[in-house]
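# Structural features, examined
Spelled out, the chains give:
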Amino acid sequence: MNAIRRPHGNRRLAFLGALVLLAVTTSSVAAADGGGGPLGATVQAEAGLDNARIGPLFGSSALEGGHFCTASVVHSERGNLIVTAAHCLMSKGALWFAPGYRDGKAPYGVWKVTKTFLGGGWSSGDPDENSDVAFAALESVGGANAEDIVGGNKFVTGRKTGATAVTVTGYPNSEESPITCTNKPTAQTPTQQRIECPEFTGGTSGSPWVNSDGEVVGILGGHEQGGSTSDISYSVVLGGEAAALYRTASRG
């Protein structure tokens, strides 16, 4: 009898598992669209694969001297690409990226920046706030690339500002774990978008704006290098310049 009932039990468990997965997926989409909680509230980001793709940048030596900006892994041909704000990559010294960093620990490794990619509107010596997006390639570790370990979000241009809510996640300089906030962006100008999320202080420049499809549709930066107050942040409206820069960086 057990040999007959066990397949039924497995099918039932699989069915229930599918329902749970559907519920979790639906819930996560609703949350990203602003349906799972109050919009514009900033909280501590939970540990998990989505947030593991986001981490702080360090200068000088890995995990020493404090972090100063935020970056995130985006999908690329080589699997070694991060995106951040252009003004975060102006340092001439060594740079390191620690995805999923929390409380002094880097559970997914520490990755050295080997090459940076800045658009002409920023690298020309006369920085243009509408070009405040940049990419960086990371050194492989043990034959693996960062995307092999934590995955990567899609970098997407041409999305209409405010089409959906986005989730912004970043690392304030004064914190050792990330904060996150979901809200709907609004247009500041035709080339700049803004979002109302409190407590995004220094260090959160470069934080990705991720929609419910897992697409990076903004990067905290742009106007006033991200904002002059901690309650309102900005991003370049990602268009043709950002798309061309991404193609160049993705190919290495």
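Please refer to the structure placed before this passage.
Described below are features of the structure shown in this document. Everything numeric here is computed off the predicted structure, so don't read it as measured data. (Residues numbered from 1 in each chain as written. Predicted model: local features only at pLDDT ≥ 70, side-chain atom pairs only at ≥ 80, totals over all residues. Heavy atoms only, no water.)

## With respect to the state of the cysteines
For the structure shown, the criterion picks out 2 disulfides. Paired through a disulfide, Cys69 and Cys88 show a sulfur-sulfur distance of 2.1 Å. Handedness here is read from the sign of the S-S torsion; for Cys69 and Cys88, about -75°, the answer is left-handed. A residue pair is termed long-range when its members are at least 10 positions apart, and Cys69 in strand S3 (residues 67-74) and Cys88 in the loop between strand S4 (81-84) and strand S5 (95-97) qualify at 19 residues. In this structure Cys88 comes out as buried when scored by relative accessible area, which is 2%. The partner cysteine of Cys181 in its disulfide is Cys197, sulfur to sulfur 2.1 Å. Judged by the sign of its S-S torsion, about -80°, the bond between Cys181 and Cys197 is left-handed. (Disulfide = S-S within 2.5 Å. Helix = DSSP H or I, 4+ residues; strand = E, 2+ residues; numbered from the N terminus. Buried < 20%, exposed > 50% of the residue type's maximum accessible area, 1.4 Å probe, protein only.)

## Here's the deal with the environment of Cys69
We classify Cys69 as buried; its relative accessible area is 5%. Each C-alpha atom of the pair Cys69 and Gly202 lies 7.7 Å from the other, and the pair is 133 residues apart in sequence. Apart from residues lying up to four places away in sequence, Cys69 is in contact with Gly55, Pro56, Leu57, Cys88, Gly203 and Ser205. (Contact = heavy atoms within 4.5 Å.)

## Some thoughts on the pattern of salt bridges
Pairing is possible between side chains of opposite charge, provided their charged atoms come close. This model, assessed by the stated rule, comprises 2 salt bridges. Arg159 is paired through a salt bridge with Glu215; the nearest N and O atoms lie 2.9 Å apart. Taken together, the residues Arg159 in the loop between strand S8 (154-155) and strand S9 (166-170) and Glu215 in strand S14 (residues 215-219) connect sequence positions 56 residues apart. What makes Glu215 buried here is its relative accessible area of 9%. Arg194 is the salt-bridge partner of Glu196, the closest N and O atoms lying 3.7 Å from each other. With relative accessibility at 49%, the residue Glu196 sits in the partly exposed group. (Salt bridge = Lys/Arg side-chain N within 4 Å of Asp/Glu carboxyl O.)

## Concerning the environment of Ala62
Its location among the elements puts Ala62 in the loop between strand S2 (54-59) and S3. Along the primary structure Ala62 and Trp111 are separated by 49 residues, whereas in three dimensions their C-alpha atoms are 8.4 Å apart. Setting aside residues no more than four positions away along its own chain, Ala62 makes contact with Trp96 and Val110.

## A look at the layout of surface pockets
If you add up the space inside the second largest pocket, you get close to 240 Å³. Around the second largest pocket sit 15 residues that line it, and Leu89, Ser91, Lys92, Thr116 and Leu118 are the ones nearest its centre. Of all the secondary structure elements, the ones that give two or more residues to the lining of the second largest pocket are strand S6 (111-118) and helix H3 (120-123). When residues in the lining of the second largest pocket are grouped by element, the largest group, 5 residues, is from S6. Broken down by class, the residue content of the lining of the second largest pocket amounts to 7 nonpolar, 6 polar and 2 charged. (1 Å grid on protein atoms, 1.4 Å probe; cavity = no way out; pocket = protein on both sides within 12 Å on 5 of 7 lines; lining within 4 Å. Points joined across faces, edges and corners; volume = space filled by probe spheres on them. Nonpolar A, V, L, I, M, F, W, Y, C, P; charged D, E, K, R; others polar.)

## Considerations on unusual backbone geometry
Even without being glycine, Asp103 reaches a positive phi, approximately 50°. Take Asp103: it is sitting in the loop between S5 and S6. In this structure, Glu224 is a non-glycine residue whose phi angle is positive, near 55°. Mapped onto the elements of the fold, Glu224 is located in the loop between S14 and strand S15 (232-236). Glu224 sits in the partly exposed class, given a relative accessible area of 41%.

## Quick word on the sheet that holds S15
Within a sheet, adjacent strands bond to each other through the backbone by hydrogen bonds, running parallel or antiparallel. In space, the 3 strands of this open sheet follow the order S11-S12-S15, with antiparallel pairing throughout. The open sheet has two free edges, formed respectively by strand S11 (186-189) and S15, since each of these has just one partner strand. Across the sheet, the mean angle from the axis of one strand to that of its neighbour is 40°, orientation sign disregarded. Where strand S12 (residues 192-196) and S15 come together, 5 bridges link them in antiparallel fashion. When the bridges of S15 are listed, Arg194 appears paired with Tyr234. (Pairing = 2+ DSSP bridges. Axes fitted to C-alpha atoms, helices over the stretch in contact; angles between N-to-C directions.)

## Overview of the packing of aromatic side chains
Scanning all chains against the criterion turns up 5 aromatic pairs. With 5.0 Å between their ring centres and 80° between their planes, Phe135 and Phe155 make a pair best called edge-to-face. In this pair, Phe135 is assigned in strand S7 (residues 134-138) and Phe155 in strand S8, connecting sequence segments 20 residues apart. Grouped by ring-pair contacts, the aromatic residues Phe58, Tyr101 and Tyr171 constitute a single cluster. (Phe/Tyr/Trp six-rings, centres within 6.5 Å; stacked < 30°, edge-to-face > 60°.)

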